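What follows is the residue order along each chain.
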Amino acid sequence: MTNYDAQEVARIHQELRERLPRDPASRVEALEKILTEKGLVDPQSIDAWVEAYQDHIGPKRGASVVARAWSDVGFKQRLMADAPAAIDELGYLGRATGHLKVVENTTTVHNLVVCTLCSCYPFSILGMAPAWYKVAAYRSRAVRDPRGVLEEFGVEISNDIEVRVWDSTAELRYLVLPQRPDGTEHFDEDALASLVTRNSMIGTDRDLKVTALGED
Ligand code: FE
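Position numbers for residues count from 1 along each chain, tracking the sequence in the order it is written. Where totals are concerned, whole chains, interfaces and linings use all residues; where local detail is concerned, this predicted model gives features only for residues with pLDDT of at least 70, and gives and counts side-chain atom pairs only at 80 or more. Each side-chain value is worked out from all heavy atoms of the structure, with water and hydrogens disregarded.

Some remarks on the overall build of the protein chain
- Labels follow the DSSP assignment, with helices taken as runs of H or I lasting at least four residues and strands as runs of E lasting at least two, numbered in each case from the N terminus. Helices and strands together make up the secondary structure of the protein chain, namely 13 helices and four strands.
- When its C-alpha atoms are laid out on the principal axes, the protein chain stretches across 55 × 35 × 35 Å.
- Taking all 216 residues of the protein chain together, 36% fall into the buried category.
- Residues count as neighbours in contact if any of their non-hydrogen atoms are within 4.5 Å of one another. Restricting to contacts in the protein chain with at least 6 residues of sequence separation, those with at least 24 account for 67%.
- Accessibility throughout is a Shrake-Rupley quantity obtained with a 1.4 Å probe, and a residue counts as covered only by protein chains that appear here. Total accessible area on the protein chain is roughly 12500 Å²; 52% of this is exposed by carbon and sulfur atoms. When accessible area is computed with a 1.4 Å probe and restricted to protein chains, residues below 20% of their type maximum are described as buried, those above 50% as exposed, and intermediate ones as partly exposed.

So this is what it looks like as structure tokens:
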């Protein structure tokens, strides 16, 4: 097994950023073309991975973790204390959640997750990272002006709410535990999970809506 050198990884990230096209879609296209030409990947297996992360894993797994935490106080305590171990109880543990911290929104705290260096993301439970999560504008402004960024996502944060910004790395990723909406006391876990948006688990959404689906 090779040694993991964080500084070397950061240097490679930096070099890649300088050489690759700026637009993430063009980067992916360029990488896929080279890897396919070299016979290192089969485009069909890439499509299968995308489908798995887009439709089967994310963000449904994250939503079910949140719903379990809302419904089960003991699970929530375990989740806050040791997120990977608690998520493993649901069978969702993957490489991107091996080192994960859950940060809880309250009436006085709002949490926002970013990766300023690149795009580290708990894809084992949230699936594919949204395109905006990877662009420089979000990565830099989420730290400098989190309230401005949130406003652009339609999230108004009053001044009496503290905004905490969490910078992800390959060693530690974050999941926001949003607040359970009022009026959902009789909802079961599936109904609760249906209310949880991907963005609420990144922090670019805050007040979850009680939808007709959740009321079923
Ligand atoms: Fe990253």
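Notes on the environment of T116
- When you line up the elements, T116 lands in the loop between strand 2 (109–114) and helix 7 (123–126).
- The spacing of T116 and T36 is 80 residues in sequence and 30 Å in space, taken between C-alpha atoms.
- Contacts of T116, omitting those with residues within four sequence positions, involve R139, V143 and D167.

A look at the coordination of the iron ion
- Counted as coordinating are nitrogen, oxygen and sulfur atoms within 2.8 Å of the metal, or 3.2 Å for Na, K and Ca, while water is not included, which may make sites look incomplete. Taken together, C115 (SG), C118 (SG), C120 (N) and C120 (SG) make up the protein donors of the iron ion, found 2.1 to 2.6 Å from the metal.
- All geometry calls rest on donor angles, where a four-donor set with angles between 85 and 135 degrees is tetrahedral, four- and six-donor sets with opposite donors more than 155 degrees apart and all others between 65 and 115 are square planar and octahedral, and all else is irregular. Around the iron ion, the four donor atoms sit at angles spanning 80 to 133°, and that spread fits a shape best called irregular.
- Site description for the iron ion: donor spacing in sequence, C-x2-C-x1-C.

Side note on helix 9 (residues 136–144)
- Of all the residues in helix 9, the buried ones are Y138, R139 and A142. One side of helix 9 carries all its buried residues, which in axial view fall inside an arc of 100°. The arc in question is formed by the directions pointing from the helix axis toward the C-beta atoms.

Description of the packing of aromatic side chains
- The pairing test for Phe, Tyr and Trp rings, Trp by its six-membered ring, is centres within 6.5 Å, and the orientation test on the planes gives stacked under 30 degrees, edge-to-face over 60, and tilted for anything in between. One pass over the structure, following the stated rule, counts seven aromatic pairs.
- A centroid spacing of 4.7 Å and a plane angle of 65° characterise the contact between W132 and F153, whose relative ring orientation is edge-to-face. Taken together, the positions of W132 in helix 8 (residues 131–134) and F153 in the loop between helix 10 (146–152) and strand 3 (162–167) put the pair 21 residues apart, joining distant regions of the chain.
- Grouped by ring-pair contacts, the aromatic residues Y121, W132, Y133, Y138 and F153 constitute a single cluster.
- Comment: the charge-over-ring label is applied if NZ (Lys) or CZ (Arg) is within 6 Å of the ring centre and within 35 degrees of the ring normal. Seen from the ring of F75, R68 lies directly overhead, with NZ or CZ sitting 5.8 Å from the centre.

What about the pairing of strand 4 (residues 173–177)?
- Across the five residues that make up strand 4, a large majority, five, are buried.
- Pairing between strand 1 (residues 100–104) and strand 4: five bridges, direction parallel. Its bridge partner being in strand 4, V102 is matched across the sheet by L175. In this scheme, strands are said to pair when DSSP sees at least two bridges between them.

Description of the domain arrangement of the protein chain
- Where a domain begins and ends is set by an automatic assignment or by a domain database. With domains assigned, the protein chain is organised as domain 1 (9–55) and domain 2 (59–213).
- One C-alpha centre belongs to domain 1, the other to domain 2, and the line joining them spans 26 Å.
- With seven residues of domain 1 at the contact, the number on the domain 2 side is eight residues.
- Simply put, the buried area is the total loss of 1.4 Å probe accessible area from both parts when two parts are fitted together. For the domain 1 and domain 2 pair, buried surface summed over both sides reaches about 790 Å², with 66% attributable to carbon and sulfur atoms.
- Just to be clear on terms, a salt bridge is a Lys or Arg side-chain nitrogen sitting within 4 Å of an Asp or Glu carboxyl oxygen. Inspection of the region where domain 1 meets domain 2 yields zero salt bridges.
- Two N or O atoms count as a polar contact when they lie within 3.5 Å, although within protein this holds only if one can serve as hydrogen donor and the other as acceptor, and sequence-adjacent residues are included solely when both atoms are side-chain atoms. The interface formed by domain 1 and domain 2 holds zero residue pairs in polar contact (both at pLDDT 80 or more) in total.
- Within the residue set of the side of domain 1 that touches domain 2, elements represented by two or more residues are helix 1 (6–19) and helix 3 (43–57).
- Among the residues making up the side of domain 1 that touches domain 2, the classes are represented as three nonpolar, two polar and two charged. Ten residue types, Ala, Val, Leu, Ile, Met, Phe, Trp, Tyr, Cys and Pro, are classed as nonpolar, four, Asp, Glu, Lys and Arg, as charged, and the remainder, Gly among them, as polar.

Points about the side chain of S200
- Mapped onto the elements of the fold, S200 is located in helix 12 (residues 198–202).
- A distance of 2.7 Å separates a polar atom in the side chain of S200 from the backbone oxygen of T197.
- Apart from residues lying up to four places away in sequence, S200 is in contact with V176, P178, D205 and L208.

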